[in-house]
Amino acid sequence: MIRLIIISIPLVVFFLISLLMALIFLIIRLFSKKACDMVSLRWVQLGLFLANLITGMKTVAEGKENISTDEAVLYVGNHLSLFDIIVLYPLMKKPTGFVAKKEINKVPILNILMRFVHCLFVDREDPRDGLKMVLNATELIKNGTSIFLFPEGTRSKDGEILDFKTGGFKIVEKTHCKVVPVRIDYEKEVFENHAPKFYANTAHVKFYEAIDTSGMDKHQIKDLAAQLHDQLKEKNI
């Protein structure tokens, strides 16, 4: 319990400061949306870096040269833990929105910060909400913001990659953006299996070479979901 309190205090302070930062973001946006996006990105990355530091989470990243620095791409990764976003977001080099479940939108302050960095909340049980997410993600990619998608739709409980849902790949159909596969693994059991306790852990992340989808038709893009699932499952892309 003492460790949990020690961990919580700096994060609470960060969230309180973020209320002020949200006002600053709004002011910056009045003059430059691009500047607001970059300042928001760096602030959220700072907070997540802090979260990793105080919880003892270390990240070993491979293939960082495949992280986009210019064009908007769709990152497609496996989903193991609530820590996935905390681990992955500090690695992004340009504004990137994560597709997250709607429940996170109910977390005060965090939901405000996530909106500033273009995260999209979706009710996975509502097809209409899924379509809305696809349309919003499409617009973001066309305007230069990358999107990170977890096609499994939920966290894997045993570490095995679940079947990929194909709905999110409609983003590729509408944008023909490049797709960057991402595999994340943890050395030990992650937070969910022993909450609310935190134990030091190491995340291994690999960014694979981007896949060009510019010449693919909708059938090939649909097949891409299954191909990526099988390849990520075997850690072979």
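Here, the structure is the one placed above.
Caption draft 1: The arrangement of the pattern of salt bridges in detail. A complete count under the given rule lists 7 salt bridges for this structure. Put simply, lysine 33 and aspartate 37 hold a salt bridge, and the shortest N to O gap is 3.2 Å. You can see lysine 33 and its partner aspartate 37 sitting in helix α2 (residues 33-55), 4 residues apart, about one turn around the helix. Among the charged side chains, a network of salt bridges with common partners joins Arg29, Lys33 and Asp37.

Caption draft 2: Representation of the sheet that holds strand β1 (residues 57-62) within the structure. Overall, mixed pairing links the 7 strands, which are arranged β1-β7-β6-β2-β5-β3-β4 in an open sheet. Only two strands of the sheet have a single partner each, and these edge strands are β1 and β4 (120-122). In this sheet, adjacent strand axes meet at a mean angle of 25° when their direction is disregarded. Here β1 pairs with strand β7 (residues 201-207) via 6 bridges, running parallel.

Caption draft 3: The state of the cysteines, seen in detail. Overall, the coordinates contain 0 disulfides when judged by the stated rule. Cysteine 119 provides the cysteine sulfur closest to cysteine 36, a residue in no disulfide bond, and the two sulfurs are 14 Å apart. A relative accessible area of 0% places cysteine 36 in the buried class.

Caption draft 4: Region of interest: helix α7 (residues 218-233). Taking 1.5 Å as the rise per residue, α7 with 16 residues should run 22 Å; its terminal C-alpha atoms sit 23 Å apart, in good agreement. Burial in α7 covers these residues: Ile221, Leu224, Ala225, Leu228, His229 and Leu232. Considering only its buried residues, α7 is in contact with β2 (73-77), α6 (170-175) and β6 (178-186). Structurally, the start of α7 carries an N-cap: the backbone nitrogen of histidine 219 is 3.0 Å from a side-chain oxygen of aspartate 217. Where α7 ends, the next residue or the one after it, lysine 235, has phi of about 55°, a positive value.

Caption draft 5: Examining a nonpolar patch on the surface more closely. On the surface, Val12, Leu16, Leu19 and Ile112 cluster together into a nonpolar patch covering about 340 Å² of accessible area. Per-element accounting of the nonpolar patch gives the leading share, 3 residues, to helix α1 (residues 2-31). Positionally, isoleucine 112 belongs in helix α4 (residues 110-116).

Caption draft 6: Looking closely at the environment of methionine 114. Within the fold, methionine 114 resides in helix α4. For methionine 114, a relative accessible area of 9% puts it in the buried group. With residues up to four places along the chain from it excluded, the contact list for methionine 114 reads Ala100, Ile104, Cys119 and Phe121.

Caption draft 7: Focus on the nonpolar core. The biggest cluster of nonpolar side chains holds 44 residues, and the ones touching the most others in it are Tyr75, Leu88, Tyr89, Tyr186 and Phe207. Among the elements of the structure, α1, α2, β2, α3 (83-88), β3 (96-101), α4, β6 and β7 are those that each provide at least two residues to this core. Looking at this core, the element that brings in the most residues is α2, giving 6 residues. When near neighbours in sequence (up to four residues on either side) are disregarded, tyrosine 186 contacts Met57, Leu80, Ser81, Phe83, Asp84, Val87, Asn201, Thr202 and Ala203. Counting 27 residues, the second-largest nonpolar core is a separate cluster that includes Val76, Val134, Val179 and Ile211.

Caption draft 8: The arrangement of a positive patch on the surface in detail. Judged by side-chain charge, Lys142, Lys170, Lys174, Lys218 and Lys222 come together as a positively charged surface patch. Sorting the residues of the positive patch by element identifies α6 and α7 as the ones contributing at least two each. By secondary structure assignment, the location of lysine 174 is in helix α6.

Caption draft 9: The arrangement of the packing of aromatic side chains in detail. All told, the structure shown has 9 aromatic pairs when counted by the stated rule. Centroid distance phenylalanine 14 to tryptophan 43: 4.8 Å. Interplanar angle 15°. Geometry classified as stacked. Here phenylalanine 14, found in helix α1, pairs with tryptophan 43, found in helix α2; they are 29 residues apart in sequence, far enough to count as distant. The two residues phenylalanine 14 and tryptophan 43 agree in class, both being buried. Here phenylalanine 98 and phenylalanine 150 contribute two aromatic rings whose centre-to-centre distance is 6.2 Å and whose plane-to-plane angle is 40°, an arrangement assigned as tilted. Linking phenylalanine 98 in strand β3 with phenylalanine 150 in the loop between β5 (146-149) and α6, this pair joins segments that are 52 residues apart in sequence. Grouping residues by exposure puts phenylalanine 98 and phenylalanine 150 together as buried. Here a set of aromatic residues connected by ring pairs shows up, and it is made of Tyr75, Tyr89, Phe98, Phe148, Phe150 and Phe207.

The rules behind each value
- Residues numbered from 1 in each chain as written.
- Predicted model: local features only at pLDDT ≥ 70, side-chain atom pairs only at ≥ 80, totals over all residues.
- Heavy atoms only, no water.
- Salt bridge = Lys/Arg side-chain N within 4 Å of Asp/Glu carboxyl O.
- Helix = DSSP H or I, 4+ residues; strand = E, 2+ residues; numbered from the N terminus.
- Pairing = 2+ DSSP bridges.
- Axes fitted to C-alpha atoms, helices over the stretch in contact; angles between N-to-C directions.
- Disulfide = S-S within 2.5 Å.
- Buried < 20%, exposed > 50% of the residue type's maximum accessible area, 1.4 Å probe, protein only.
- Expected span 1.5 Å × (residues − 1).
- Contact = heavy atoms within 4.5 Å.
- Polar contact = N/O pair within 3.5 Å; in protein donor to acceptor, adjacent residues only side chain to side chain.
- Patch = residues over 30% accessible without salt bridge, like charges linked within 9 Å, V, L, I, M, F, W, Y side chains within 5 Å.
- Areas by Shrake-Rupley, 256 points an atom, 1.4 Å probe, with all protein chains shown as cover.
- Core = buried A, V, L, I, M, F, W, Y, C linked by side-chain atoms within 4.5 Å.
- Lys, Arg positive; Asp, Glu negative; His and termini not counted.
- Charge placed at Lys NZ, Arg CZ, Asp CG, Glu CD.
- Phe/Tyr/Trp six-rings, centres within 6.5 Å; stacked < 30°, edge-to-face > 60°.

By themselves, these are just geometric observations and shouldn't be taken as functional.
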